[in-house]
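Descriptive analysis of the structure
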Amino acid sequence: MANPDPFANATKQVNDACDVLGIKDKGLREYLAIPNKVLRVKIPVKMDDGHIRIFTGFRSQHNNDRGPYKGGIRYFNPEGGVEYMEREVMALSSWMTWKCAIVDIPLGGGKGGIFVNPKTEKISEGELERLTRGFAYKIFEIIGPGKDIPAPDVYTTGKEMTQIMDTFSKLNGNVYSPGVITGKPISMGGSLARDVAT
Amino acid sequence: MKLNLKGATVVLQGFGNASTFTGEYLEKLGAKIIGVSDSKGSISIPNGAKVSKLIEHKQKTGSVVGFPGSKKISTEDLLTTKCDVLVPGALENQINANIAKNLKCKIIAEAANGPTLPEADPIIFKKNILVIPDILANSGGVCISYLEWVQNNMGYYWTFDEVASKMESNITRGFKDAYALAKKHKIDMRRATMALAVGRVVEAFNQKGIWP
(Lines give C-alpha, C1' and ligand atoms only; values in the text may rest on other atoms or scores of the structure.)
Protein backbone atom coordinates (compact mmCIF):
# COMPACT_ATOMS: atom_id res chain seq x y z
CA MET A 1 0.00 0.00 0.00
CA ALA A 2 1.31 3.39 -0.94
CA ASN A 3 1.58 5.80 1.95
CA PRO A 4 -0.74 8.80 1.72
CA ASP A 5 1.22 11.92 0.92
CA PRO A 6 1.39 13.91 4.16
CA PHE A 7 2.24 17.13 2.36
CA ALA A 8 -0.85 16.83 0.16
CA ASN A 9 -2.86 16.48 3.36
CA ALA A 10 -1.28 19.62 4.87
CA THR A 11 -1.96 21.51 1.65
CA LYS A 12 -5.60 20.44 1.71
CA GLN A 13 -5.98 21.81 5.24
CA VAL A 14 -4.54 25.15 4.13
CA ASN A 15 -7.00 25.28 1.23
CA ASP A 16 -9.90 24.44 3.57
CA ALA A 17 -8.88 27.31 5.83
CA CYS A 18 -8.66 29.63 2.82
CA ASP A 19 -12.21 28.61 1.92
CA VAL A 20 -13.40 29.65 5.39
CA LEU A 21 -11.53 32.94 5.13
CA GLY A 22 -12.74 33.65 1.60
CA ILE A 23 -9.21 33.68 0.17
CA LYS A 24 -9.62 32.97 -3.54
CA ASP A 25 -6.23 34.06 -4.92
CA LYS A 26 -4.63 30.83 -6.10
CA GLY A 27 -1.17 32.33 -5.81
CA LEU A 28 -1.70 33.30 -2.19
CA ARG A 29 -2.97 29.81 -1.45
CA GLU A 30 0.18 28.32 -2.93
CA TYR A 31 2.30 30.84 -1.04
CA LEU A 32 0.70 29.63 2.20
CA ALA A 33 1.02 25.93 1.40
CA ILE A 34 4.53 25.56 -0.02
CA PRO A 35 7.61 25.80 2.25
CA ASN A 36 9.94 28.76 1.69
CA LYS A 37 12.94 26.48 1.58
CA VAL A 38 13.64 22.75 1.81
CA LEU A 39 17.26 21.83 2.35
CA ARG A 40 18.45 18.28 1.80
CA VAL A 41 21.94 17.41 2.96
CA LYS A 42 24.38 14.53 2.75
CA ILE A 43 26.06 13.75 6.06
CA PRO A 44 29.12 11.50 5.86
CA VAL A 45 30.04 9.78 9.11
CA LYS A 46 33.14 7.76 9.91
CA MET A 47 31.73 4.71 11.66
CA ASP A 48 33.50 2.97 14.55
CA ASP A 49 34.75 0.14 12.32
CA GLY A 50 36.41 2.62 9.97
CA HIS A 51 33.99 2.59 7.06
CA ILE A 52 32.11 5.66 5.86
CA ARG A 53 28.33 5.79 5.99
CA ILE A 54 26.30 8.44 4.19
CA PHE A 55 23.17 9.73 5.89
CA THR A 56 20.48 12.02 4.45
CA GLY A 57 19.17 14.96 6.46
CA PHE A 58 16.49 17.57 5.89
CA ARG A 59 15.41 20.99 7.10
CA SER A 60 12.16 22.39 5.81
CA GLN A 61 11.53 26.09 6.48
CA HIS A 62 7.86 26.64 5.81
CA ASN A 63 6.98 30.21 6.75
CA ASN A 64 8.66 32.99 8.74
CA ASP A 65 6.24 35.88 8.23
CA ARG A 66 5.50 35.99 11.97
CA GLY A 67 8.98 35.18 13.27
CA PRO A 68 11.93 32.78 12.93
CA TYR A 69 11.24 29.20 11.84
CA LYS A 70 10.60 26.83 14.74
CA GLY A 71 10.25 23.07 14.83
CA GLY A 72 11.78 19.77 15.75
CA ILE A 73 14.53 17.58 14.39
CA ARG A 74 13.62 13.89 14.24
CA TYR A 75 15.78 10.83 13.78
CA PHE A 76 13.48 8.42 12.05
CA ASN A 77 13.14 6.02 9.14
CA PRO A 78 9.54 6.10 7.92
CA GLU A 79 8.42 3.14 5.82
CA GLY A 80 8.20 5.18 2.64
CA GLY A 81 11.93 5.88 2.71
CA VAL A 82 13.95 9.06 2.20
CA GLU A 83 11.58 10.60 -0.37
CA TYR A 84 8.61 10.06 1.90
CA MET A 85 10.50 11.62 4.80
CA GLU A 86 11.07 14.77 2.77
CA ARG A 87 7.31 15.11 2.18
CA GLU A 88 6.71 14.39 5.84
CA VAL A 89 9.02 17.12 7.15
CA MET A 90 7.50 19.54 4.64
CA ALA A 91 4.02 18.76 6.00
CA LEU A 92 5.17 18.94 9.61
CA SER A 93 6.85 22.30 8.99
CA SER A 94 3.55 23.58 7.63
CA TRP A 95 1.73 22.43 10.77
CA MET A 96 4.34 24.19 12.90
CA THR A 97 3.53 27.47 11.16
CA TRP A 98 -0.15 27.08 12.08
CA LYS A 99 0.58 25.83 15.58
CA CYS A 100 2.68 28.90 16.41
CA ALA A 101 0.08 31.21 14.89
CA ILE A 102 -2.80 29.69 16.89
CA VAL A 103 -1.14 30.20 20.24
CA ASP A 104 0.06 33.56 18.95
CA ILE A 105 3.77 33.21 19.62
CA PRO A 106 6.09 35.21 17.32
CA LEU A 107 7.56 32.23 15.50
CA GLY A 108 7.16 30.52 12.14
CA GLY A 109 7.19 26.90 11.05
CA GLY A 110 10.07 24.53 10.44
CA LYS A 111 10.89 20.84 10.71
CA GLY A 112 13.81 18.62 9.98
CA GLY A 113 15.44 15.33 10.57
CA ILE A 114 17.81 12.60 9.58
CA PHE A 115 16.80 9.31 7.98
CA VAL A 116 18.07 7.06 10.76
CA ASN A 117 16.48 5.06 13.55
CA PRO A 118 18.72 5.11 16.63
CA LYS A 119 16.33 2.72 18.44
CA THR A 120 16.41 -0.14 15.96
CA GLU A 121 19.77 0.32 14.25
CA LYS A 122 23.06 -0.56 15.86
CA ILE A 123 24.61 2.86 16.14
CA SER A 124 27.05 3.78 18.89
CA GLU A 125 26.98 6.90 21.03
CA GLY A 126 30.09 8.21 19.26
CA GLU A 127 28.64 7.58 15.81
CA LEU A 128 25.43 9.31 16.80
CA GLU A 129 27.33 12.35 18.09
CA ARG A 130 29.38 12.61 14.87
CA LEU A 131 26.14 12.34 12.90
CA THR A 132 24.43 15.04 14.98
CA ARG A 133 27.38 17.43 14.73
CA GLY A 134 27.73 16.67 11.03
CA PHE A 135 24.10 17.59 10.51
CA ALA A 136 24.48 20.76 12.61
CA TYR A 137 27.43 21.74 10.39
CA LYS A 138 25.38 21.15 7.25
CA ILE A 139 22.45 23.28 8.40
CA PHE A 140 24.62 25.87 10.19
CA GLU A 141 24.07 28.55 7.60
CA ILE A 142 20.29 28.43 7.73
CA ILE A 143 19.74 28.18 11.51
CA GLY A 144 20.31 30.71 14.28
CA PRO A 145 18.50 32.40 17.20
CA GLY A 146 16.88 34.91 14.85
CA LYS A 147 16.58 32.59 11.85
CA ASP A 148 15.50 29.05 12.62
CA ILE A 149 15.37 27.46 16.05
CA PRO A 150 15.16 23.62 16.05
CA ALA A 151 13.95 21.48 18.97
CA PRO A 152 13.74 17.80 19.96
CA ASP A 153 11.33 15.51 18.13
CA VAL A 154 11.00 11.78 17.50
CA TYR A 155 14.04 9.98 18.99
CA THR A 156 16.03 13.13 19.72
CA THR A 157 16.64 14.48 23.22
CA GLY A 158 18.37 17.21 25.19
CA LYS A 159 21.66 15.47 24.45
CA GLU A 160 21.42 16.03 20.70
CA MET A 161 20.19 19.60 21.32
CA THR A 162 23.30 20.29 23.41
CA GLN A 163 25.56 18.93 20.66
CA ILE A 164 23.84 21.07 18.03
CA MET A 165 24.06 24.18 20.20
CA ASP A 166 27.74 23.51 20.91
CA THR A 167 28.54 22.91 17.24
CA PHE A 168 26.65 26.05 16.23
CA SER A 169 28.32 28.20 18.93
CA LYS A 170 31.80 27.06 17.90
CA LEU A 171 31.17 27.57 14.18
CA ASN A 172 29.69 30.96 15.04
CA GLY A 173 33.06 32.32 16.23
CA ASN A 174 32.53 30.93 19.74
CA VAL A 175 29.54 33.15 20.40
CA TYR A 176 27.55 31.44 23.16
CA SER A 177 24.25 30.80 21.39
CA PRO A 178 21.76 28.93 23.57
CA GLY A 179 18.90 30.56 21.63
CA VAL A 180 19.73 28.57 18.48
CA ILE A 181 17.88 25.52 19.80
CA THR A 182 15.36 24.57 22.49
CA GLY A 183 14.68 21.46 24.51
CA LYS A 184 18.10 21.73 26.10
CA PRO A 185 18.88 20.31 29.56
CA ILE A 186 18.50 22.89 32.37
CA SER A 187 22.29 23.18 32.77
CA MET A 188 22.57 24.11 29.08
CA GLY A 189 20.00 26.90 29.21
CA GLY A 190 16.88 24.77 29.14
CA SER A 191 13.65 25.94 30.73
CA LEU A 192 11.85 24.69 33.80
CA ALA A 193 8.38 23.19 33.24
CA ARG A 194 9.30 21.40 30.00
CA ASP A 195 8.49 18.09 31.66
CA VAL A 196 4.83 19.10 31.99
CA ALA A 197 4.44 20.29 28.40
CA THR A 198 3.42 18.10 25.49
CA MET B 1 -17.82 28.74 27.68
CA LYS B 2 -17.68 27.07 31.07
CA LEU B 3 -16.29 23.64 31.76
CA ASN B 4 -16.46 22.12 35.19
CA LEU B 5 -14.38 18.99 35.36
CA LYS B 6 -15.28 18.07 38.93
CA GLY B 7 -16.56 14.50 38.68
CA ALA B 8 -16.14 14.43 34.89
CA THR B 9 -15.37 11.03 33.40
CA VAL B 10 -12.35 10.59 31.15
CA VAL B 11 -11.20 7.91 28.70
CA LEU B 12 -7.53 7.82 27.68
CA GLN B 13 -6.50 6.00 24.55
CA GLY B 14 -2.83 5.24 24.79
CA PHE B 15 -0.70 5.40 27.87
CA GLY B 16 2.42 7.25 26.75
CA ASN B 17 3.55 10.77 27.67
CA ALA B 18 0.74 12.66 25.97
CA SER B 19 -2.13 10.74 27.51
CA THR B 20 -0.72 10.23 31.01
CA PHE B 21 0.09 13.95 31.32
CA THR B 22 -3.37 14.86 30.09
CA GLY B 23 -4.89 12.30 32.46
CA GLU B 24 -3.02 13.62 35.47
CA TYR B 25 -3.87 17.18 34.56
CA LEU B 26 -7.59 16.39 34.25
CA GLU B 27 -7.42 14.43 37.50
CA LYS B 28 -6.09 17.50 39.30
CA LEU B 29 -9.17 19.36 38.09
CA GLY B 30 -11.38 16.69 39.67
CA ALA B 31 -11.94 14.31 36.76
CA LYS B 32 -12.01 10.51 36.98
CA ILE B 33 -10.38 8.02 34.55
CA ILE B 34 -12.88 5.29 33.58
CA GLY B 35 -11.18 3.75 30.57
CA VAL B 36 -7.63 3.41 29.26
CA SER B 37 -5.56 1.46 26.76
CA ASP B 38 -2.00 0.63 25.78
CA SER B 39 -0.39 -1.50 23.08
CA LYS B 40 -1.60 -4.68 24.83
CA GLY B 41 -5.28 -3.74 24.87
CA SER B 42 -8.07 -1.61 26.31
CA ILE B 43 -9.81 -1.74 29.67
CA SER B 44 -12.92 -0.27 31.20
CA ILE B 45 -12.76 0.75 34.87
CA PRO B 46 -16.35 1.66 35.82
CA ASN B 47 -15.39 2.85 39.32
CA GLY B 48 -12.46 4.89 38.10
CA ALA B 49 -8.71 4.63 38.65
CA LYS B 50 -5.93 7.03 39.55
CA VAL B 51 -3.36 7.59 36.80
CA SER B 52 -0.54 6.98 39.31
CA LYS B 53 -2.02 3.55 40.19
CA LEU B 54 -2.33 2.68 36.49
CA ILE B 55 1.29 3.65 35.90
CA GLU B 56 2.33 1.51 38.88
CA HIS B 57 0.41 -1.47 37.50
CA LYS B 58 1.90 -1.02 34.04
CA GLN B 59 5.41 -0.83 35.48
CA LYS B 60 4.85 -4.05 37.44
CA THR B 61 3.08 -6.13 34.80
CA GLY B 62 4.01 -4.45 31.52
CA SER B 63 0.46 -3.34 30.72
CA VAL B 64 -2.59 -1.56 32.11
CA VAL B 65 -4.61 -4.63 31.09
CA GLY B 66 -5.46 -6.68 34.18
CA PHE B 67 -5.74 -3.64 36.45
CA PRO B 68 -7.79 -4.62 39.54
CA GLY B 69 -11.49 -3.89 39.05
CA SER B 70 -11.15 -3.50 35.27
CA LYS B 71 -12.62 -5.40 32.36
CA LYS B 72 -10.90 -5.97 29.02
CA ILE B 73 -12.76 -4.38 26.08
CA SER B 74 -12.18 -3.74 22.38
CA THR B 75 -10.62 -0.55 21.01
CA GLU B 76 -13.97 0.36 19.51
CA ASP B 77 -15.73 -0.07 22.85
CA LEU B 78 -13.08 2.08 24.52
CA LEU B 79 -13.48 4.93 22.04
CA THR B 80 -17.28 4.79 22.22
CA THR B 81 -17.48 4.61 26.03
CA LYS B 82 -20.01 7.05 27.51
CA CYS B 83 -17.82 9.71 29.09
CA ASP B 84 -17.28 13.46 29.30
CA VAL B 85 -13.80 13.69 27.83
CA LEU B 86 -12.21 11.32 25.31
CA VAL B 87 -8.44 11.72 24.93
CA PRO B 88 -7.09 9.96 21.83
CA GLY B 89 -3.43 10.00 22.74
CA ALA B 90 -2.11 6.98 20.91
CA LEU B 91 -1.92 6.74 17.16
CA GLU B 92 -3.11 8.38 13.98
CA ASN B 93 -6.39 7.52 12.22
CA GLN B 94 -8.26 6.09 15.22
CA ILE B 95 -11.64 7.74 14.85
CA ASN B 96 -13.25 6.85 11.53
CA ALA B 97 -16.80 7.56 10.37
CA ASN B 98 -18.12 4.39 11.96
CA ILE B 99 -16.67 5.11 15.37
CA ALA B 100 -17.69 8.74 15.11
CA LYS B 101 -21.32 7.69 14.68
CA ASN B 102 -21.16 5.77 17.95
CA LEU B 103 -19.21 8.26 20.05
CA LYS B 104 -20.79 9.04 23.42
CA CYS B 105 -18.45 11.71 24.73
CA LYS B 106 -18.92 15.49 25.09
CA ILE B 107 -15.36 16.58 24.38
CA ILE B 108 -12.52 15.10 22.33
CA ALA B 109 -9.07 16.35 23.33
CA GLU B 110 -6.64 15.21 20.64
CA ALA B 111 -3.41 14.58 22.52
CA ALA B 112 -2.04 12.50 19.62
CA ASN B 113 -1.32 13.85 16.15
CA GLY B 114 -4.04 13.19 13.57
CA PRO B 115 -6.21 10.73 15.55
CA THR B 116 -9.37 11.71 13.65
CA LEU B 117 -9.96 10.91 9.98
CA PRO B 118 -11.36 13.77 7.86
CA GLU B 119 -14.48 11.65 7.16
CA ALA B 120 -15.31 11.69 10.88
CA ASP B 121 -15.17 15.47 11.40
CA PRO B 122 -18.60 16.37 9.98
CA ILE B 123 -20.25 13.55 11.94
CA ILE B 124 -18.63 14.67 15.19
CA PHE B 125 -19.64 18.26 14.47
CA LYS B 126 -23.26 17.25 13.88
CA LYS B 127 -23.29 15.40 17.19
CA ASN B 128 -22.29 18.63 18.90
CA ILE B 129 -19.11 17.13 20.38
CA LEU B 130 -16.48 19.76 21.10
CA VAL B 131 -13.11 18.90 19.53
CA ILE B 132 -9.88 20.36 20.81
CA PRO B 133 -7.85 19.64 17.66
CA ASP B 134 -4.35 18.19 17.76
CA ILE B 135 -2.52 21.30 16.63
CA LEU B 136 -4.04 23.20 19.55
CA ALA B 137 -4.14 20.39 22.13
CA ASN B 138 -0.46 19.54 21.77
CA SER B 139 0.88 23.04 21.35
CA GLY B 140 2.33 22.95 24.88
CA GLY B 141 5.66 21.75 23.48
CA VAL B 142 6.18 24.70 21.17
CA CYS B 143 4.95 27.14 23.84
CA ILE B 144 7.60 25.91 26.27
CA SER B 145 10.18 26.05 23.48
CA TYR B 146 9.21 29.64 22.81
CA LEU B 147 9.59 30.52 26.49
CA GLU B 148 12.97 28.75 26.60
CA TRP B 149 14.12 30.82 23.62
CA VAL B 150 12.89 34.05 25.24
CA GLN B 151 14.83 33.23 28.42
CA ASN B 152 17.94 32.39 26.36
CA ASN B 153 17.69 35.68 24.51
CA MET B 154 17.43 37.77 27.68
CA GLY B 155 19.85 35.62 29.70
CA TYR B 156 17.46 35.61 32.63
CA TYR B 157 15.51 32.58 33.83
CA TRP B 158 12.02 32.30 35.29
CA THR B 159 10.79 29.99 38.05
CA PHE B 160 8.79 26.86 37.29
CA ASP B 161 5.50 28.58 38.18
CA GLU B 162 6.25 31.62 36.04
CA VAL B 163 6.94 29.44 33.00
CA ALA B 164 3.93 27.18 33.60
CA SER B 165 1.51 30.08 33.97
CA LYS B 166 2.78 31.85 30.84
CA MET B 167 2.43 28.61 28.90
CA GLU B 168 -1.10 28.04 30.14
CA SER B 169 -2.20 31.54 29.18
CA ASN B 170 -0.83 31.08 25.62
CA ILE B 171 -2.79 27.87 25.08
CA THR B 172 -5.98 29.12 26.75
CA ARG B 173 -5.95 32.22 24.60
CA GLY B 174 -5.51 30.09 21.47
CA PHE B 175 -8.46 27.95 22.50
CA LYS B 176 -10.71 30.94 23.23
CA ASP B 177 -9.84 32.62 19.91
CA ALA B 178 -10.52 29.43 17.94
CA TYR B 179 -13.75 28.78 19.84
CA ALA B 180 -15.02 32.28 19.09
CA LEU B 181 -14.20 31.84 15.39
CA ALA B 182 -15.95 28.44 15.32
CA LYS B 183 -19.11 30.02 16.77
CA LYS B 184 -18.92 33.00 14.42
CA HIS B 185 -18.63 30.95 11.22
CA LYS B 186 -20.67 28.00 12.59
CA ILE B 187 -17.85 25.60 11.71
CA ASP B 188 -16.06 22.81 13.54
CA MET B 189 -13.11 23.52 15.81
CA ARG B 190 -10.55 21.93 13.48
CA ARG B 191 -11.41 24.23 10.61
CA ALA B 192 -11.76 27.19 12.96
CA THR B 193 -8.32 26.56 14.43
CA MET B 194 -6.71 26.35 11.01
CA ALA B 195 -8.60 29.39 9.72
CA LEU B 196 -7.48 31.41 12.73
CA ALA B 197 -3.87 30.41 12.16
CA VAL B 198 -3.87 30.97 8.41
CA GLY B 199 -5.61 34.34 8.89
CA ARG B 200 -2.85 35.48 11.25
CA VAL B 201 -0.11 34.52 8.81
CA VAL B 202 -1.91 36.23 5.93
CA GLU B 203 -2.16 39.37 8.04
CA ALA B 204 1.60 39.37 8.61
CA PHE B 205 2.27 38.63 4.94
CA ASN B 206 0.05 41.49 3.83
CA GLN B 207 1.93 43.93 6.06
CA LYS B 208 5.28 43.00 4.50
CA GLY B 209 4.32 42.28 0.94
CA ILE B 210 6.73 40.61 -1.45
CA TRP B 211 10.36 41.65 -1.61
CA PRO B 212 12.66 41.11 -3.44
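Throughout what follows, the structure given in this document is the object of discussion.

Cut-offs applied
- Residues numbered from 1 in each chain as written.
- Chains lettered and ligands numbered in written order.
- Predicted model: local features only at pLDDT ≥ 70, side-chain atom pairs only at ≥ 80, totals over all residues.
- Heavy atoms only, no water.
- Contact = heavy atoms within 4.5 Å.
- Buried area = accessible area lost by both parts, 1.4 Å probe.
- Salt bridge = Lys/Arg side-chain N within 4 Å of Asp/Glu carboxyl O.
- Polar contact = N/O pair within 3.5 Å; in protein donor to acceptor, adjacent residues only side chain to side chain.
- Helix = DSSP H or I, 4+ residues; strand = E, 2+ residues; numbered from the N terminus.
- Core = buried A, V, L, I, M, F, W, Y, C linked by side-chain atoms within 4.5 Å.
- Buried < 20%, exposed > 50% of the residue type's maximum accessible area, 1.4 Å probe, protein only.
- Domains from an automatic or database assignment.
- Phe/Tyr/Trp six-rings, centres within 6.5 Å; stacked < 30°, edge-to-face > 60°.
- Pairing = 2+ DSSP bridges.
- Axes fitted to C-alpha atoms, helices over the stretch in contact; angles between N-to-C directions.
- Patch = residues over 30% accessible without salt bridge, like charges linked within 9 Å, V, L, I, M, F, W, Y side chains within 5 Å.
- Areas by Shrake-Rupley, 256 points an atom, 1.4 Å probe, with all protein chains shown as cover.

Comments concerning the interface of chain B and chain A
On the side of chain A, 48 residues touch chain B, which itself brings 47 residues to the contact. With both chains or domains summed, chain B and chain A bury close to 4100 Å², and 72% of this area falls on carbon and sulfur atoms. Among the residues of chain B in contact with chain A, B:Glu148, B:Trp149 and B:Val201 are the three that bury the most area, contributing 16% of the side total. Counting every contact that joins chain B to chain A gives three salt bridges. Across the pair B:Lys208 and A:Asp65 runs a salt bridge, and its minimum N-O distance is 3.5 Å. On inspection of chain B and its partner chain A, the count reaches 13 residue pairs in polar contact (both at pLDDT 80 or more). Those elements that place two or more of their residues in the side of chain B that touches chain A are helix H1 (17-28), helix H6 (134-137), helix H7 (140-154), helix H8 (160-185) and helix H9 (189-208) of chain B. When residues in the side of chain B that touches chain A are grouped by element, the largest group, 14 residues, is from H9(B).

So, the nonpolar core
Core analysis: the largest hydrophobic core is formed by 75 residues, its most contacted members being A:Leu32, A:Trp98 and B:Leu54. Split by domain, this core shows at least three residues from each of two domains, domain 1 (9-136) and domain 2 (140-208) of chain B.

Side note on the packing of aromatic side chains
On inspection of all chains with the given rule, the structure shows five aromatic pairs over all chains. Where A:Tyr31 meets B:Phe205, the ring centres are 4.2 Å apart and the plane angle is 35 degrees; that geometry is what we call tilted. Taken as a pair, A:Tyr31 in helix H2 (residues 26-33) and B:Phe205 in helix H9 lie in two separate chains rather than in one. By relative accessible area, A:Tyr31 is classed as partly exposed at 25%. Ring centres of B:Tyr146 and B:Trp149 lie 6.3 Å apart, and the angle between their planes is 40 degrees; on these two criteria the pair is classed as tilted. A residue pair is termed a helical-turn pair when its members lie 3 or 4 positions apart in one helix, as B:Tyr146 and B:Trp149 do in helix H7 at three residues.

Regarding the sheet that holds strand E6 (residues 107-109) of chain B
All names here are of chain B. Taken in spatial order, the seven strands of this open sheet run E4-E3-E2-E1-E5-E6-E7, and their pairing is mixed. Only two strands of the sheet have a single neighbouring strand rather than two, namely strand E4 (71-73) and strand E7 (130-132). Direction aside, the axes of adjacent strands within the sheet are offset by 20 degrees on average. When strand E2 (residues 32-38) meets strand E3 (residues 41-49), the two strands line up antiparallel, connected through five bridges. By the bridge assignment, Val 36 is partnered in E3 with Ile 43.

Considering a nonpolar patch on the surface
A contiguous nonpolar surface patch, about 330 Å² in accessible area, is contributed by A:Ile186, A:Leu192, A:Val196 and B:Phe160. Within the secondary structure layout, A:Val196 lies in the segment after helix H5 (158-171).

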